[in-house]
Amino acid sequence: MSNFTVKTMAQYMAEGKQPEVLFWVGCAGSFDDRAKKITRAFVKILNNIGVEFAVLGTEESCTGDPAKRAGNEFVFQMQAMMNIEVLNAYEIKKIVTTCPHCFNTLKNEYPSLGGDYEVLHHSQYLQQLINDGKLKLEGSETFKGKRITFHDPCYLGRGNDVYEAPRELIEKLDAELVEMKRCKTRGLCCGAGGAQMFKEPEKGNRDINVERTEEALEKEPHIIATGCPFCNTMMTDGVKHFEKESTVVVKDLAELIMEAKDL
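Treat the numbers as computed from the prediction; the structure is a model and nothing was measured.

### Focus: the UniProt feature "domain: Cysteine-rich" (unreviewed entry) in the protein chain
Line of reasoning, step 1. In the numbering used here, UniProt assigns the "domain: Cysteine-rich" (unreviewed entry) feature to residues 21-107 and 148-235.
Line of reasoning, step 2. Structurally, residues 148-235 comprises 30% helix and 10% strand, and the distance from its first C-alpha atom to its last is 14 Å.

Structure follows, in structure tokens:
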């Protein structure tokens, strides 16, 4: 696959070069089979438009977000210090990631530990590339007449006030953006944040992802768009709960753009 080259920071370093941006893949994007597809989609877009980017490869470790949210500050700080040491050694300035949890942690938790970088969620970065004229979506008919609803990830939306970038990307696809009744600042969590992804839910009368998916399905969308690997899993499980897999798909923003560009 010619459009699937991924170089590591170590390779750039050996060539005496610095990439435009470091792509922080994250644990989900590296190990979860569904999230790997999001990683591939994002890489294909960057390669297609000739962005010079690198990954850390085996030098990348978990940002420490799940440990911190679950209350283990010590483990979080150990993870963070290790990562900051690697990032600073490579003199990294700009980081982009497809995971709002990594985004929030790198952007807001790392500076006080000595890791100061410009950190972007991939929706912001893709929007930047469109604004700069590097990424073009004009004339794509892939999603014409399709109804798409966007589920705001907590750490992207309410955590960091990023609401417009994902929606502008969807509107660029020539699709119809339909909003759920709880969206933007009033968005509802998918149920996987705060390290909940890695444990069973507490007793209650309903799973939160089922409630959230129901809100999405009320809008009769063809696609539920997400910008987070955890949200993607939870909304996909929700769609399965309602047995709607044949009519509704859950896709990351990067996957939508990849399909629109037919990569």
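### Examining the nonpolar core
Soluble globular proteins tend to bury their nonpolar side chains together.
Line of reasoning, step 1. Counting 35 residues, the largest nonpolar core has Phe-23, Phe-42, Tyr-125, Leu-126, Ile-148, Leu-173 and Ile-257 as its most contacted members.
Line of reasoning, step 2. Broken down by secondary-structure element, the contributors of at least two residues to this core are strand E2 (21-24), helix H3 (33-48), strand E3 (53-55), helix H7 (122-131), strand E6 (147-150), helix H8 (164-172), strand E8 (223-226) and helix H11 (253-260).
Line of reasoning, step 3. For this core, the leading source of residues is H11, giving six residues.
Line of reasoning, step 4. Both domains that meet at this core, namely domain 1 (9-129) and domain 2 (136-261), each give it at least three residues.
Line of reasoning, step 5. With residues up to four places along the chain from it excluded, the contact list for Ile-148 reads Ile-170, Leu-173, Ala-175, Glu-176, Leu-177, Val-178, Ile-223, Ala-225 and Leu-256.
Line of reasoning, step 6. Core analysis: the second largest hydrophobic core is formed by 25 residues, Ile-92, Ile-95, Cys-99 and Leu-106 among them.

### Here we look at the environment of Ser-30
Line of reasoning, step 1. Topologically, Ser-30 is positioned in helix H2 (residues 26-31).
Line of reasoning, step 2. Distance in space between the C-alpha atoms of Ser-30 and Gly-114 is 25 Å, their sequence separation being 84 residues.
Line of reasoning, step 3. Those residues in contact with Ser-30 that lie beyond four places of it in its chain are Val-25, Lys-36 and Glu-60.

### Let's talk about the environment of Tyr-125
Line of reasoning, step 1. Tracing the chain through its elements places Tyr-125 in helix H7.
Line of reasoning, step 2. According to the relative accessible area criterion, Tyr-125 is buried, its value standing at 3%.
Line of reasoning, step 3. Tyr-125 sits 29 residues away from Val-96 along the chain, and the two C-alpha atoms are 7.0 Å apart.
Line of reasoning, step 4. The residues touching Tyr-125, leaving out its near neighbours within four places in the chain, are Glu-20, Val-21, Phe-42, Leu-46, Val-51, Lys-94, Val-96 and Leu-120.

### What to know about the packing of aromatic side chains
Line of reasoning, step 1. Counted by the stated rule, this structure contains two aromatic pairs.
Line of reasoning, step 2. Relative to Phe-42, the ring of Phe-23 lies with its centre 5.0 Å away and its plane at 70 degrees, an arrangement referred to as edge-to-face. Of this pair, Phe-23 sits in strand E2 while Phe-42 sits in helix H3, placing them 19 residues apart in sequence. The same class applies to Phe-23 as to Phe-42, namely buried.
Line of reasoning, step 3. Sitting over the ring of Tyr-12, Lys-7 keeps its end group 4.6 Å from the ring centre.

### What to know about helix H10 (residues 229-241)
Line of reasoning, step 1. Between its first and last C-alpha atoms H10 spans 18 Å; for 13 residues at 1.5 Å apiece the expected length is 18 Å, and the two agree.
Line of reasoning, step 2. Along H10, the residues that are buried comprise Pro-229, Phe-230, Cys-231, Asn-232, Thr-233, Met-234, Met-235, Gly-238 and Val-239.
Line of reasoning, step 3. In the segment just after H10, Glu-243 is the residue with positive phi, at about 55 degrees.

### Here we look at the environment of Cys-62
Line of reasoning, step 1. Relative to the helices and strands, Cys-62 is located in the loop between E3 and helix H4 (65-69).
Line of reasoning, step 2. What makes Cys-62 partly exposed here is its relative accessible area of 23%.
Line of reasoning, step 3. Between the C-alpha atoms of Cys-62 and Glu-85, which are 23 residues apart in sequence, the distance is 14 Å.

Calculation criteria
Residues numbered from 1 in each chain as written. Predicted model: local features only at pLDDT ≥ 70, side-chain atom pairs only at ≥ 80, totals over all residues. Heavy atoms only, no water. UniProt positions renumbered as here; feature names shortened; annotations may be inferred. Helix = DSSP H or I, 4+ residues; strand = E, 2+ residues; numbered from the N terminus. Core = buried A, V, L, I, M, F, W, Y, C linked by side-chain atoms within 4.5 Å. Buried < 20%, exposed > 50% of the residue type's maximum accessible area, 1.4 Å probe, protein only. Domains from an automatic or database assignment. Contact = heavy atoms within 4.5 Å. Phe/Tyr/Trp six-rings, centres within 6.5 Å; stacked < 30°, edge-to-face > 60°. Lys NZ or Arg CZ within 6 Å of the ring centre and 35° of its normal. Expected span 1.5 Å × (residues − 1).

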